[in-house]
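Read off the chains here:
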Amino acid sequence: MKQNKLAPAQLWTGTHDNLIAEVIPYLQKRFCPDEGCGVCISCNQIREQQHHAVVWICPEKNYTLDNLKVVHERLSFALNDDQEIFFVLQKADFLSKQCANSLLKSIEEPPKGYHFILCAERTEYILPTIKSRCLLRTFAKDMFSGQLQHLYTTFSTQLQEPLSFLQYLQKNPINELQTLDLIDQLFAFWMNKYKHAVEHNEDKKPIAKRITILKKALLKPPMPGGSKLFWKNLYLQFNACS
Ligand SMILES: [Zn+2]
């Protein structure tokens, strides 16, 4: 585990999906023995939000003190020198005043080894007392509208369960032009990732497989009305790579 000095609390702003897509590689870099290879057990566990050292919290609507119980519980355990725990508070702009206040002390000076990443779309809803205790990072707004961003995130980070993916497609139809645009962007994303893997001497195979799939997809774009089938097929092929 890396022990570079790190602000105890950070406040990241951007759109929800975008921030998840940023937090995942950030934490992978932190915990992966191989600088965030994206394919090892640690990297996979982080992507699936199953990693033992990362506590993801997302309120259903507004935060309640109950949502934060896990934070206070975990904080009461002292960590060894080589241990780190991250709390990722998604939608931190939905922290009520009471909830925010309950975190103030921990965010300012958490016990050794504990870190907070607060994610929010709108910082104007974050209490100044919280904001002033955090290192601020802003991420560019989405390249796409919400629906396309969701697909982009899915195919660049984590495939959701097949059933929920199908349901998503059903509810959010995508047209042929949007499909092409998105495939272009995904292609660029995976090419970058490939370049990174080459430079860092990491396993390129799983990345290369996805690039091949995307290349073929670009050569055979969906026929009018065929986008849903196209994405279904793409999903199955990506799923087979992971
Ligand atoms: Zn890794």
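With that settled, the discussion passes to the overall build of the protein. Along the backbone of the protein there are ten helices and five strands. A compact globule built from 242 residues should have a C-alpha radius of gyration of about 18 Å, and the protein, at 19 Å, falls within 12% of that. The principal-axis extents of the C-alpha atoms in the protein amount to approximately 55 × 40 × 30 Å. Sorting the 242 residues of the protein into buried and exposed places 45% on the buried side. Partitioning the contacts of the protein with sequence separation of at least 6, the portion at a separation of at least 24 is 73%. Here the protein has roughly 13,300 Å² of accessible surface; of this, 54% comes from carbon and sulfur atoms. Put simply, the protein has 29 plus and 24 minus side-chain charges, and the middle of one group is 3 Å from the middle of the other.

Orientation of helix 8 (residues 176-199) relative to helix 9 (residues 205-219), taken along the N-to-C sense of each, is 155°, at an axis distance of 9 Å. By the criterion of interaxial angle, the relationship of helix 8 to helix 9 is roughly antiparallel. Here helix 8 runs over helix 9; the crossing is left-handed. For the pair helix 8 and helix 9, the contacting residues are Leu180, Ile183, Asp184, Leu186, Phe187, Trp190, Met191, Lys193, Tyr194 and Ala197 in the first and Ile207, Ala208, Arg210, Ile211, Leu214, Lys215 and Leu218 in the second. For the contact of helix 8 with helix 9, the class distribution of residues is 13 nonpolar, no polar and four charged.

This part takes up the coordination of the zinc ion. The protein atoms donating to the zinc ion are Cys32 (SG), Cys37 (SG), Cys40 (SG) and Cys43 (SG), with metal-donor distances spanning 2.3 Å. Each of the four donor atoms around the zinc ion contributes to a set of angles spanning 104 to 116°, which defines the coordination as tetrahedral. Summarised as a motif, the one-chain spacing of the donors to the zinc ion is C-x4-C-x2-C-x2-C. On the accessibility criterion, Cys37 (10% relative accessible area) is buried.

What follows covers the nonpolar core. Among the nonpolar cores identified, the biggest contains 44 residues, and Leu27, Phe87, Leu89, Leu95, Phe116 and Leu118 are the most heavily contacted of them. Looking at this core, the elements that each hand over two or more residues are strand 1 (9-13), helix 1 (16-31), strand 2 (54-57), helix 3 (65-75), strand 3 (85-89), helix 4 (97-108) and strand 4 (114-120). In terms of residues, this core owes the most to one element, helix 1, which gives seven residues. The residues touching Leu95, leaving out its near neighbours within four places in the chain, are Tyr63, Leu68, Leu89, Ala100, Leu103 and Leu118. Tyr152, Phe165, Leu169 and Phe230 belong to the second-largest nonpolar core, a separate cluster that totals 25 residues.

How big an interface is tends to be stated in terms of the accessible area lost upon association of its parts. The domain boundaries assigned to the protein delineate domain 1 (9-138) and domain 2 (146-241). Relative to domain 2, the C-alpha centre of domain 1 lies at a distance of 28 Å. With nine residues of domain 1 at the interface, the matching set in domain 2 holds seven residues. Summing the contributions of domain 1 and of domain 2, the shared interface buries around 900 Å²; its carbon and sulfur component is 53%. The tally of links from domain 1 across to domain 2 stands at one residue pair in polar contact (both at pLDDT 80 or more). For the side of domain 1 that touches domain 2, the element with the highest residue contribution is helix 1, accounting for three residues. When its residues are assigned to classes, the side of domain 1 that touches domain 2 shows three nonpolar, one polar and five charged.

Here is what the cut-offs are and how they apply
Residues numbered from 1 in each chain as written. Predicted model: local features only at pLDDT ≥ 70, side-chain atom pairs only at ≥ 80, totals over all residues. Heavy atoms only, no water. Helix = DSSP H or I, 4+ residues; strand = E, 2+ residues; numbered from the N terminus. Rg over C-alpha atoms; globule rule 2.2 N^0.38 Å. Buried < 20%, exposed > 50% of the residue type's maximum accessible area, 1.4 Å probe, protein only. Contact = heavy atoms within 4.5 Å. Areas by Shrake-Rupley, 256 points an atom, 1.4 Å probe, with all protein chains shown as cover. Lys, Arg positive; Asp, Glu negative; His and termini not counted. Charge placed at Lys NZ, Arg CZ, Asp CG, Glu CD. Axes fitted to C-alpha atoms, helices over the stretch in contact; angles between N-to-C directions. Parallel < 35°, antiparallel > 145°, perpendicular 65-115°, else oblique. Left-handed = near helix turned anticlockwise from the far one by under 90°. Nonpolar A, V, L, I, M, F, W, Y, C, P; charged D, E, K, R; others polar. Donors = N, O, S within 2.8 Å, 3.2 Å for Na, K, Ca; no water. Tetrahedral: all angles 85-135°; square planar, octahedral: opposite > 155°, others 65-115°. Core = buried A, V, L, I, M, F, W, Y, C linked by side-chain atoms within 4.5 Å. Domains from an automatic or database assignment. Buried area = accessible area lost by both parts, 1.4 Å probe. Polar contact = N/O pair within 3.5 Å; in protein donor to acceptor, adjacent residues only side chain to side chain.

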